[in-house]
Amino acid sequence: MTKCLIAASILSANFACLGQEINDVIHAGADIIHFDVMDNHYVPNITIGPTVLKAIRDYGINSIIDVHLMTKPVDNLIIPFAQAGADYITFHPENTYHVDRSINLIKQCGCKVGLALTPTTPLSYLDYVLEKIDIILIMAVNPGYAGQTFLPVIYNKIQNINNIVKKQTNKILLSVDGGININNISKIVICGANILVIGSFIFNNTMPYIQTIKYIKKKIFIK
Ligand code: DX5
Ligand code: ZN
């Protein structure tokens, strides 16, 4: 039996009541909170920073939070996000001069490390760092916006990465981010995803969160 975790991407939550939204989605069954950081430089959009993360922790949210840094550069944000309460810090390797150094900095801060790959980022970015990382965030849309369509070419990419990580002795989780909905979930899990990052399908839908997450969970248990 394969089990996959659900990471709720709060990019699609109502920011006017973010603490309550996060509480609600966690109580509805989300396993992880996915915190999208955009800088209007690496991506054409701007979102939230360490101050908002700290406010969420101060509000009483103690779930696992994965900070997805869609920023360039990367290193100057690692310590502030770690101090604000990140569990995972995930970055795009092409945005830092020294990938190994950024990884080490995240680990020194006591956080787990994720590497994010856009749909066209080559797998060679994983070379020489697999022993050190905890998550590979496979983006199925171009970074920058919620509500985009899953690119079908990514099914194959998930399988290819799964074949690589299976040979590792350290456990690396495969997280898939962008365009996930009830129609493509099963196929994504079969390809090897361990974490599904889902934003609009949870937050922008007429069903209560609990009903949506139950509906998703039914689809992600695969014999
Ligand atoms: C896109 C973000 C995603 C996105 C997911 O740049 O990294 O996390 O918000 O949202 P949906 O599920 O709407 O594609
Ligand atoms: Zn994301």
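Residues numbered from 1 in each chain as written. Chains lettered and ligands numbered in written order. Predicted model: local features only at pLDDT ≥ 70, side-chain atom pairs only at ≥ 80, totals over all residues. Heavy atoms only, no water.

(A) Structural view of the packing of helix H2 (residues 50–58) against helix H3 (residues 75–84). Axis separation between H2 and H3 bottoms out at 8 Å; the angle between their running directions is 10°. Judged by the angle between their axes, H2 and H3 are roughly parallel. With respect to the hand of their crossing, H2 and H3 are arranged in right-handed fashion. For the pair formed by H2 and H3, the contact residues are Pro50, Leu53, Lys54 and Arg57 on the first element and Pro80, Phe81 and Ala84 on the second. Looking at the contact of H2 with H3 residue by residue, the class counts come to five nonpolar, no polar and two charged. (Axes fitted to C-alpha atoms, helices over the stretch in contact; angles between N-to-C directions. Helix = DSSP H or I, 4+ residues; strand = E, 2+ residues; numbered from the N terminus. Parallel < 35°, antiparallel > 145°, perpendicular 65-115°, else oblique. Left-handed = near helix turned anticlockwise from the far one by under 90°. Contact = heavy atoms within 4.5 Å. Nonpolar A, V, L, I, M, F, W, Y, C, P; charged D, E, K, R; others polar.)

(B) Fine view of the environment of Thr121. Structurally, Thr121 can be placed in the loop between strand E5 (112–117) and strand E6 (135–139). A residue is classified by how much of its surface remains accessible, and Thr121, at 7% relative accessible area, is buried. Between the alpha carbons of Thr121 and Glu94 there is a distance of 8.4 Å; along the sequence they are 27 residues apart. For Thr121, the contacting residues outside a window of four places in its chain are Glu94 and Lys157. Engagement of the side chain of Thr121 in a polar contact is seen with the side chain of Thr118, the distance being 2.6 Å. (Buried < 20%, exposed > 50% of the residue type's maximum accessible area, 1.4 Å probe, protein only. Polar contact = N/O pair within 3.5 Å; in protein donor to acceptor, adjacent residues only side chain to side chain.)

(C) Representation of the state of the cysteines. On inspection of all chains with the given rule, the structure shows zero disulfides. The closest cysteine sulfur to the non-disulfide-bonded Cys111 is located on Cys109, 6.0 Å from its own sulfur. Taking the relative accessible area as the measure of exposure, Cys111 reaches 7% and is therefore buried. (Disulfide = S-S within 2.5 Å.)

(D) Seen up close, the layout of surface pockets. Within this model, the largest pocket holds a volume of roughly 300 Å³. Lining the largest pocket are 28 residues, with Ala146, Gly147, Gly178, Gly179 and Ser200 sitting closest to its centre. Elements with a contribution of two residues or more to the lining of the largest pocket: strand E2 (32–38), strand E3 (64–70), strand E8 (195–198) and helix H7 (200–203). For the lining of the largest pocket, the residue count by class is 13 nonpolar, 13 polar and two charged. (1 Å grid on protein atoms, 1.4 Å probe; cavity = no way out; pocket = protein on both sides within 12 Å on 5 of 7 lines; lining within 4 Å. Points joined across faces, edges and corners; volume = space filled by probe spheres on them.)

(E) Structural context of the packing of H3 against helix H4 (residues 99–108). For the pair H3 and H4, interaxial distance at closest approach is 10 Å and the crossing angle is 15°. It follows that H3 is roughly parallel to H4 by the angle criterion. For the crossing formed where H3 meets H4, the hand is right-handed. Here Asp75, Ile78 and Ile79 of H3 lie close against H4, whose contacting residues are Ser102, Leu105 and Ile106. Per-class residue counts for the contact of H3 with H4 are four nonpolar, one polar and one charged.

(F) How the structure looks around the coordination of the zinc ion (ligand 2). Every protein donor of the zinc ion (ligand 2) is listed here as His34 (NE2), Asp36 (OD), His68 (ND1) and Asp177 (OD), and their distances to the metal cover 2.1 to 2.3 Å. One can describe the site at the zinc ion (ligand 2) as octahedral: its six donor atoms subtend angles covering 70 to 173° at the metal. Summarised as a motif, the one-chain spacing of the donors to the zinc ion (ligand 2) is H-x1-D-x31-H-x108-D. Taken together, the positions of His34 in strand E2 and His68 in strand E3 put the pair 34 residues apart, joining distant regions of the chain. With respect to class, His34 is no different from His68; both count as buried. (Donors = N, O, S within 2.8 Å, 3.2 Å for Na, K, Ca; no water. Tetrahedral: all angles 85-135°; square planar, octahedral: opposite > 155°, others 65-115°.)

By themselves, these figures tell us nothing about what the structure is for.
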